[in-house]
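Summary of the model geometry
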Amino acid sequence: MTAPLIQIRDVSKKYDVGRPALSKIDLDVRTGEALAVLGRSGSGKSTLLNLIAGLDKPSEGAVIVDGLRVDEMSEAALARYRRERIGMVFQFFNLLDDLTVDDNVMLPAQLAGMAAGTARKRAAGLLESLGIARHAKAYPGRLSGGERQRVAVARALMNRPALLLADEPTGALDSASAADVRELLVELNRNGQTILLVTHDVALARSCTTRTIELLDGRIFRDERVTVQ
Ligand code: ADP
Ligand code: MG
């Protein structure tokens with residue numbers, strides 16, 4: 001059997017003040033899973049996501065993704081890891097408003113050294129498959145929240161990440177747009193994309209994931225598989 005895509009081993013994260021944000025977490029996520037991390041505000045969800053994304057380091061323990069010790073990487077290795085293996089989607093989209101939609105989507109590939117023509121073609125294909133090709137030359141500010149999140153997902157997929165990470169991806173959307181983004185994530189996972197999603201929205205977790213874990217005070221206190229309808 002192949003190793004899990006994500007292996008979290010005895011991970012704790014302590015900040016200078018307060019109780020630990022994470023305490024002795026162990027977690028395996030296999031390729032092809034869609035895992036939702038649930039939990040109240042302050043329970044450690046974003047901290048866990050940031051450790052996996054290499055945006056922060058654990059105080060103790062090991063974070064292994066795609067066979068790489070993320071917690072031991074240099075800054076240069078981390079930049080490359082984030083660019084090439086991880087796609088990230090955020091609550092507030094984090095698009096560059098001065099760039100057109102297709103330039104936003106192309107950017108990660110260009111930073112990774114892909115030729116502009118090839119990158120443009122791949123971006124166009126992604127925008128097409130995500131149903132937003134007609135907005136390719138628009139600026140993000142002209143789009144609805146749901147459309148912007150689709151652009152952000154396209155950008156996250158540009159470098160064919162092993163892992164798609166999302167922190168409250170529907171948190172800033174109206175219910176129709178949220179449903180839309182939910183369906184998109186389900187579809188991506190059906191096509192094999194491994195997804196790890198942080199949310200405090202139980203409905204989102206249930207509708208778009210195959211497994212949920214719940215954090216409470218920095219510990220995993222529930223881990224269950226759910227059926228996707
Ligand atoms: P969640 O995403 O579940 O709301 P977080 O992972 O953001 O929770 O935070 C977990 C705990 O760690 C909280 O008590 C929070 O106040 C604390 N925390 C998060 N980031 C920092 C930081 N940079 N410095 C100090 N404490 C932090
Ligand atoms: Mg958070």
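Everything discussed here concerns the structure shown above.
The sections below set out a description of the structure shown in this document. (Residues numbered from 1 in each chain as written. Chains lettered and ligands numbered in written order. Predicted model: local features only at pLDDT ≥ 70, side-chain atom pairs only at ≥ 80, totals over all residues. Heavy atoms only, no water.)

**Notes on the overall build of the protein chain**
Threshold: Helix and strand labels come from DSSP, where a helix needs a run of H or I of at least four residues and a strand needs a run of E of at least two; each type is numbered from the N terminus. What the globule rule says is 2.2 Å times the number of residues to the power 0.38, and the radius of gyration is computed from C-alpha atoms. Throughout this description, buried means an accessible area under 20% of the type-specific maximum (1.4 Å probe, protein chains only), exposed means over 50%, and partly exposed covers the range between. The contact criterion used throughout is that any non-hydrogen atoms of two residues lie within 4.5 Å.
A tally of regular secondary structure across the protein chain gives seven helices and 10 strands. A compact globule built from 229 residues should have a C-alpha radius of gyration of about 17 Å, and the protein chain, at 17 Å, falls within 12% of that. Its C-alpha atoms give the protein chain principal-axis dimensions of about 45 × 40 × 40 Å. Taking all 229 residues of the protein chain together, the buried fraction comes to 49%. A fraction of 66% describes how many contacts in the protein chain between residues 6 or more apart in sequence connect residues 24 or more apart.

**Some remarks on the side chain of D167**
Test applied: As used throughout, the charge tally considers Lys and Arg to be positive and Asp and Glu to be negative, leaving His and the chain termini uncounted. Salt bridges are identified by distance alone: a Lys or Arg side-chain nitrogen within 4 Å of an Asp or Glu carboxyl oxygen. Counted as a polar contact is a pair of N or O atoms within 3.5 Å, where, for protein atoms, one must be capable of donating a hydrogen and the other of accepting one, and residues adjacent in sequence contribute only when both atoms are in side chains.
If you trace the backbone, D167 turns up in strand β7 (residues 163-167). Buried and unpaired, D167 has K45 as its nearest opposite-charge partner, separated by 6.9 Å. In this structure the side chain of D167 is engaged in a polar contact, spanning 2.9 Å, whose partner is the side chain of S46. The contact partners of D167, leaving out residues within four places of it in the chain, are S46, L49, V89, F90, Q91 and V198.

**Quick notes on the pairing of strand β1 (residues 6-13)**
Inclusion rule: In this description, strands pair whenever DSSP reports at least two bridges between them.
Here β1 lies mainly inside the structure; six of its eight residues are buried. In this structure, β1 lies alongside strand β2 (residues 22-29), joined through five bridges in antiparallel fashion. Bridging from a neighbouring strand, Q7 pairs with D28 of β2. With five bridges joining them, β1 and strand β4 (residues 60-65) adopt antiparallel strand pairing. When the bridges of β4 are listed, S12 appears paired with E60.

**A look at the nonpolar core**
Convention followed: We call a set of buried Ala, Val, Leu, Ile, Met, Phe, Trp, Tyr and Cys residues a nonpolar core when their side-chain atoms join them within 4.5 Å.
In terms of nonpolar packing, the biggest core is built from 37 residues, with V105, L164 and L188 touching the most fellow members. Every element with two or more residues in this core is listed here: β3 (34-38), α3 (101-111), α4 (116-129), α5 (145-157), β7, α6 (175-190), β8 (195-198) and α7 (202-208). If one sorts the elements of this core by residue count, α5 sits on top with six residues. Sequence-distant contacts of L188, defined by excluding residues within four places in its chain, comprise V153, L157, L164, Q193 and I195. Counting 29 residues, the second-largest nonpolar core is a separate cluster that includes V11, I86, V198 and L215.

**Some details on the site of ligand 1**
Applicable threshold: Whether a residue is near a molecule or strand depends on its heavy atoms: it is near if one of them lies within 4 Å of it. In short, Shrake-Rupley with a 1.4 Å probe defines the accessible areas, and a residue's cover is counted only from the protein chains shown. When residues are grouped by polarity, Ala, Val, Leu, Ile, Met, Phe, Trp, Tyr, Cys and Pro land in nonpolar, Asp, Glu, Lys and Arg in charged, and all others, Gly among them, in polar.
Around ligand 1, the neighbouring residues are Y15, A21, R40, S41, G42, S43, G44, K45, S46 and T47. The separation between an oxygen atom of ligand 1 and a polar main-chain atom of S46 is 2.9 Å. Compared with its free state, where it exposes 560 Å², ligand 1 has 57% of that area covered by protein. Of the residues in the shell around ligand 1, the class split is two nonpolar, six polar and two charged.

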